[in-house]
Amino acid sequence: MDKEEARKFVSSRSWYQTIDFEPGLRSVGCKWCGDPAWTNIIKYLPDNLKGKSLLDVGCNAGLFCVRAALMGAESIVGIDWNNWRPNWDFIEQQVFVKKYFEEKEGRTFPITYIEGKMEEVISTFEHKFDYVLGIASLYYSEYPDKLVREISRITDTAIVRLRDESKITLFTSLFKEYGFREEEVLREKWWEKLDCQTDDFYLYLFTK
Ligand SMILES: C[S@@+](CC[C@H](N)C(=O)[O-])C[C@H]1O[C@@H](n2cnc3c(N)ncnc32)[C@H](O)[C@@H]1O
């Protein structure tokens, strides 16, 4: 795809994830989502993901899947439900973001996107993942108990961004109930760094 085509796509879409495609080309999404969030997520990941598998729950435009592929991950799955905001076509964005970075890298990424409700899709998996990401997404599930039970079945390491005291209490209790320990937690005060008003987020590393 040529630069003009890419620029047109990026500027004509409504983005949730802020993505730094290259100097001068950035999607204008939520200020603390997408690449800004990735700067904290990687604190819980090794430098190299060679041979590793990763599942991104609520992957949106798929940026974290692409970033994991750039770090060498061998098998990556992203789940998102396209009805969350019916006017935002995340599937089209997933296709674009993946293609853009694949062309830039000159290789195909081992990413599969699945459209559907998170707990329903996860319950179909028969293999385990080295890492599961649930970044500002798990608390949209209608069935948190089933969701965390299913996550526990398919991984020993989950990286989860939470907000809101009641959701934090619910999810940290569920992760513990299903066999995880709270390895680390990072308080994300985006309002201190960015010109924006937002709650604090908490980025948890749960391991078994
Ligand atoms: C706040 S956004 C976070 C997106 C991404 N994880 C990030 O941090 O940039 C929440 C995402 O969860 C997805 N989502 C909401 N409910 C869902 C569900 N029941 N199953 C799958 N995805 C869902 C939305 O479509 C949206 O992409």
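As shown above, the structure is provided for reference.
The text that follows walks through the structure, step by step, so that each part is easy to find. (Residues numbered from 1 in each chain as written. Predicted model: local features only at pLDDT ≥ 70, side-chain atom pairs only at ≥ 80, totals over all residues. Heavy atoms only, no water.)

### Digging into the packing of aromatic side chains
Tallied over the full model, the rule gives 18 aromatic pairs. Here phenylalanine 9 and tryptophan 15 contribute two aromatic rings whose centre-to-centre distance is 6.0 Å and whose plane-to-plane angle is 75°, an arrangement assigned as edge-to-face. Every member of this aromatic cluster is reached through a ring pair, and the members are Phe9, Trp15, Phe21, Phe96, Tyr100 and Phe101. Above the face of the tryptophan 81 ring, lysine 117 is positioned so that its terminal group lies 4.7 Å from the ring centre. Over the ring of phenylalanine 201 we find arginine 161, and its NZ or CZ is 4.7 Å from the ring centre. (Phe/Tyr/Trp six-rings, centres within 6.5 Å; stacked < 30°, edge-to-face > 60°. Lys NZ or Arg CZ within 6 Å of the ring centre and 35° of its normal.)

### Observations concerning the state of the cysteines
A full pass over the atoms with the stated rule returns one disulfide. Here cysteine 30 is linked by a disulfide to cysteine 33, with a sulfur-sulfur distance of 2.5 Å. Because the sign of the S-S torsion sets the handedness, a value of about 50° for the bond joining cysteine 30 and cysteine 33 places this disulfide among the right-handed ones. Note on accessibility: cysteine 30 and cysteine 33 belong to one class, buried. No disulfide involves cysteine 59; its sulfur sits 4.9 Å from the nearest other cysteine sulfur, which is in cysteine 65. Cysteine 59 sits in the buried class, given a relative accessible area of 0%. Of the residues examined, cysteine 65 reaches a relative accessible area of 0% and is grouped as buried. (Disulfide = S-S within 2.5 Å. Buried < 20%, exposed > 50% of the residue type's maximum accessible area, 1.4 Å probe, protein only.)

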